[in-house]
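The chain contents come next:
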Amino acid sequence: MITRRLIFLLALTVVTLAATAGHVLIDGTLDKSNIYPGTVHTFQVYIPDQYDGKRPAALYVGLDGVLCNAPEVMDSLITAGKMPCTIGVFLQPGLIKDAEGTVLRYNRCYEFDSTTDLFARFLETEVLPAVEQMKTKRGKAIRLSRQSQDRMIFGLSSGGIAAFNAAWHRSDLFGKVFTGVGTFVAMRGGNDLQALVRKTEPLPLRIFIQDGSNDAWNPLFGHWYEGNQMLASALQFAGYDVQCDWSDGGHNVKRSTEIFPQVMEWMWRDWPDAPVVGETQNDFLKDILSNEDKGWEKVGNGTDGKPVTRIIYPDLTNIAIIPTTPGNTVWQYLLMDGQPTHGEPFYWLHNDDTRPLDIQTITFDSNGNLWAVTNLGIQVCDQNGRVRAILRLPQDIDAAIEINISQGYVWIHTATADWRRRFNASAPMLGVRPESQGQG
């Protein structure tokens, strides 16, 4: 006979099982990297009990392996319906060892602290495809969502800046970032990120920053707490959905672990909606961005010819020239009797940390601002040679041959495609002097 007590006990068992739904961790190794040759990366893949393999799961990437009790926290939040069913990838930085197992190179600083897009490409083209080739212990295929709002990345210290950079360079890969005691200091250019954030058009990212006033791992490189606060200030200025946790903690995982459940709830609070692109307070950039903008459109099959590397100022008084030697400047020469003279490396452009800046082509707008197509984006300089705005290029665009402005669009021509995008910019009228911006 089934008694009321037995029914109660059965019901309690079901509730308890649901509340303690768990996971498995599967070990993986990546030892044939083309991006980081010779390295071996180990990782663990978190599979929650709720994953059935029938539909793509959300993605969580945790750097330096399992931190902040992430598997147990994710178990609880998934079960409670406070985050979607999520596959976790807990990645260790690369090592290079000899045949006897002696470490010849620790690759963590190069992989994590670099401010280029290299680590994001490593995740996209090597790590995540390797994960998707694996199967769960029940033989189910691992399927990951391609939607950026379904993807989050977390890192601590150097892993913190790596997490931020992965999303900063590739907001199509990750829409959510949690960085703890991040290394936004002068190791490999991390101290410059706050300046780039202020000048670059905002992206659809949600960002949480944690640090403490006693965080100063190595004063040689700068002050960690100050660097995190400067980045947070820049993100707020640029209109991002950003939250911060400031404490008196040091350079460790303690505080990130304490707040991890609340951070995860905040990150996923309105899923599956995507983070909203905010409005920048950069007036120069704001004036360029158009309400009619629909992003870059491919509108042609490309252009033959050599890159345009010199352009005359609208009133014909000077000329801007991309030098033939590598560097991060465009030179300006005065035109006297039609001849260039008094040349200076006048237009100073931003770069990231390891690759030479590729200045591809240039033009002027009607306000006398220089538009320079570079591998960091379109950098727009004022009349005094300072970058005031950075605009994103289409993903995987070929090197530009020419940039010009007409019909309310900025056009970029490459050897294989022509692109256009709406901006509030107009072409100059030759012989007409733009209104002076003063000496600034």
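No experiment lies behind these values; they were computed from the predicted model shown.

Q: Quick question: what am I supposed to make of the overall build of the protein here?
A: Helix and strand counts for the protein come out as nine helices and 22 strands. Taking the principal axes of its C-alpha atoms as reference, the protein extends roughly 105 × 50 × 45 Å. Burial statistics for the protein: of 440 residues in total, 49% are counted as buried. Considering only residue pairs separated by 6 or more positions, the protein has 68% of its internal contacts joining residues 24 or more positions apart. Per element, the accessible surface of the protein, about 20,700 Å² overall, is 51% carbon and sulfur.

Q: Please explain helix α4 (residues 118–132) as it appears in this structure.
A: In an α-helix, one turn spans 3.6 residues; hence positions three or four apart end up facing the same way. Here α4 contains 15 residues, and its C-alpha end-to-end distance of 20 Å stays within 8% of the 21 Å for a straight helix at 1.5 Å per residue. Maximum bend of α4: about 35 degrees, positioned at Glu 124. Residues Leu 118, Phe 119, Ala 120, Phe 122, Leu 123, Glu 126, Val 127, Leu 128, Ala 130 and Val 131 constitute the buried set of α4.

Q: I keep staring at the sheet that holds strand β4 (residues 86–91) and nothing clicks. Help me out?
A: The strands that make up a sheet are held in pairs by hydrogen bonds between backbone atoms, and each pair lies either parallel or antiparallel. Pairing is mixed across the open sheet formed by eight strands, whose spatial order is β1-β2-β4-β3-β7-β8-β9-β10. In this open sheet, the two edge strands, each paired with only one partner strand, are β1 (23–30) and β10 (241–247). Mean inter-strand twist for the sheet, computed between neighbouring axes without regard to direction, equals 15 degrees. Looking at chain direction, strand β3 (residues 58–63) and strand β7 (residues 151–156) are connected through four bridges and run parallel. Pairing of Gly 62 across the sheet is with Phe 154, part of β7. Sitting on the sheet, α4 is in contact with β1, β2 (41–48), β3, β4 and β7, with an inclination near 115 degrees to β4. Lying over the sheet, helix α7 (residues 224–237) contacts β9 (206–212) and β10, oriented at roughly 155 degrees with respect to β9.

Q: Can you help me understand the sheet that holds strand β11 (residues 297–300) in this one?
A: In space, the four strands of this open sheet follow the order β11-β22-β21-β20, with antiparallel pairing throughout. Only two strands of the sheet have a single partner each, and these edge strands are β11 and β20 (400–406). In this sheet, adjacent strand axes meet at a mean angle of 30 degrees when their direction is disregarded. Taken together, the three bridges between β11 and strand β22 (residues 418–422) define a ladder with antiparallel strand orientation. Considered in β22, the bridge of Gly 300 is made with Asp 418.

Q: How should the pairing of strand β15 (residues 339–348) be read in this particular structure?
A: Where a strand is regular, its side chains alternate between the two sheet faces. The sheet contact formed by strand β14 (residues 329–336) and β15 spans six bridges and is antiparallel. Residue pairing across strands places Gln 332 opposite Glu 344, the latter belonging to β15. Counted between consecutive antiparallel strands, the loop separating β14 from β15 contains two residues, among which Asp 337 sits at a positive phi close to 55 degrees.

Q: I'm lost on the confidence of the model for the protein in this one. Help?
A: Predicted coordinates in areas of low pLDDT are best not read in detail. Summary statistics for the protein give a mean pLDDT of 94 and a share of 95% for residues scoring 70 or more. Within the model, the stretch residues 1–18 combines pLDDT values under 50 with two contacts to residues more than four positions away or in other chains.

Q: Help me understand the pattern of salt bridges, please; the structure alone is not making it clear to me.
A: Oppositely charged side chains may form a pair once their charged atoms are brought near each other. Inspection of every chain in the model, using the stated rule, returns 21 salt bridges. With a shortest N-O distance of 3.0 Å, Asp 270 and Arg 206 are connected by a salt bridge. Of this pair, Asp 270 sits in the loop between α8 (254–267) and α9 (283–288) while Arg 206 is found in strand β9, placing the two residues 64 residues apart along the sequence. Overall, Arg 206 belongs to the buried group, its relative accessible area being 2%. Between Glu 279 and Lys 286 there is a salt bridge, with its nearest N and O atoms 3.2 Å apart. A relative accessible area of 58% places Glu 279 in the exposed class. Since its relative accessible area comes to 32%, Lys 286 is described here as partly exposed.

Scoring rules and cut-offs
- Residues numbered from 1 in each chain as written.
- Predicted model: local features only at pLDDT ≥ 70, side-chain atom pairs only at ≥ 80, totals over all residues.
- Heavy atoms only, no water.
- Helix = DSSP H or I, 4+ residues; strand = E, 2+ residues; numbered from the N terminus.
- Buried < 20%, exposed > 50% of the residue type's maximum accessible area, 1.4 Å probe, protein only.
- Contact = heavy atoms within 4.5 Å.
- Areas by Shrake-Rupley, 256 points an atom, 1.4 Å probe, with all protein chains shown as cover.
- Expected span 1.5 Å × (residues − 1).
- Bend = angle between axes of the 7 residues up to and from the residue.
- Pairing = 2+ DSSP bridges.
- Axes fitted to C-alpha atoms, helices over the stretch in contact; angles between N-to-C directions.
- pLDDT = per-residue confidence, 0-100.
- Salt bridge = Lys/Arg side-chain N within 4 Å of Asp/Glu carboxyl O.

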